[in-house]
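Chain by chain, the residues:
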Amino acid sequence: MAAIARAQIAAESRVASSPLPQITVAAGNPAGIGLTIAYQDAVSGQSAALTLPL
């Protein structure tokens, strides 16, 4: 899952290539998987994070 997310994020023009986006996959509560993507916006320079239940 993380590899798919990395490939998609790499194709997004709004995501800065440096620093590299950080992708974390972890067990969710009470069950399931949580995917968190932390990245820097290429235009504004601000950090952002998305957390998705899978």
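This text follows the structure it describes.
This text gives an overview of the structure that appears in the document. In this numbering scheme, every chain counts its residues from 1 along its sequence in written order. Totals for whole chains, interfaces and linings use all residues, but because this is a predicted model, local features are given only for residues with pLDDT of at least 70 and pairs of side-chain atoms are given and counted only at 80 or more. Side-chain metrics rest on all non-hydrogen atoms present in the structure, leaving aside hydrogens and water.

### Considerations on the nonpolar core
For clarity, the cut-off: In this text, buried Ala, Val, Leu, Ile, Met, Phe, Trp, Tyr and Cys residues form a nonpolar core when linked through side-chain atoms within 4.5 Å. The buried label goes to any residue with under 20% of its type's maximum accessible area, the exposed label to any with over 50%, and the partly exposed label to all in between, with areas taken from a 1.4 Å probe on protein chains only. Secondary structure elements are defined from DSSP: runs of H or I of at least 4 residues count as helices, runs of E of at least 2 residues count as strands, and each element is numbered from the N terminus. Between two residues, a contact is recorded if the distance between any of their heavy atoms is within 4.5 Å.
Membership of the largest hydrophobic core is limited to seven residues, which are Ala2, Ala5, Ile9, Val15, Ile23, Leu35 and Ile37. Broken down by secondary-structure element, the contributors of at least two residues to this core are helix H1 (2–10) and strand E2 (33–40). Residue contributions to this core peak at three residues, all from H1. Residues contacting Ile37, with those up to four places away along its chain left out, are Ala5, Ile9, Gln22, Ile23, Ala48, Ala49 and Leu50.

### With respect to the sheet that holds strand E3 (residues 47–53)
To be explicit about the condition: When DSSP finds at least two bridges between two strands, those strands are taken to pair. To obtain an axis, a line is fitted to C-alpha atoms, over the contacting stretch when the element is a helix, and the angle between two such axes runs from 0 to 180 degrees between their N-to-C directions.
As summarised here, the arrangement of the three strands in space is E1-E2-E3, forming an open sheet in which the pairing is antiparallel. Each edge of the sheet is formed by a strand with only one pairing partner; in this case those strands are strand E1 (22–27) and E3. Along the sheet, successive strands turn relative to each other by an average axial angle of 15°, direction set aside. Running at roughly 150° to E1, H1 makes contact with E1 and E2 of the sheet.

### Re the pattern of salt bridges
What counts, and what does not: One speaks of a salt bridge when a side-chain nitrogen belonging to Lys or Arg is within 4 Å of a carboxyl oxygen belonging to Asp or Glu.
Enumeration according to the criterion identifies one salt bridge in this entry. Taking the shortest distance from any N to any O, the salt bridge between Arg14 and Asp41 comes out at 2.7 Å. Of this pair, Arg14 sits in the loop between H1 and E1 while Asp41 sits in the loop between E2 and E3, and the two are 27 residues apart along the sequence. The exposure class of Asp41 is buried, given its relative accessible area of 11%.

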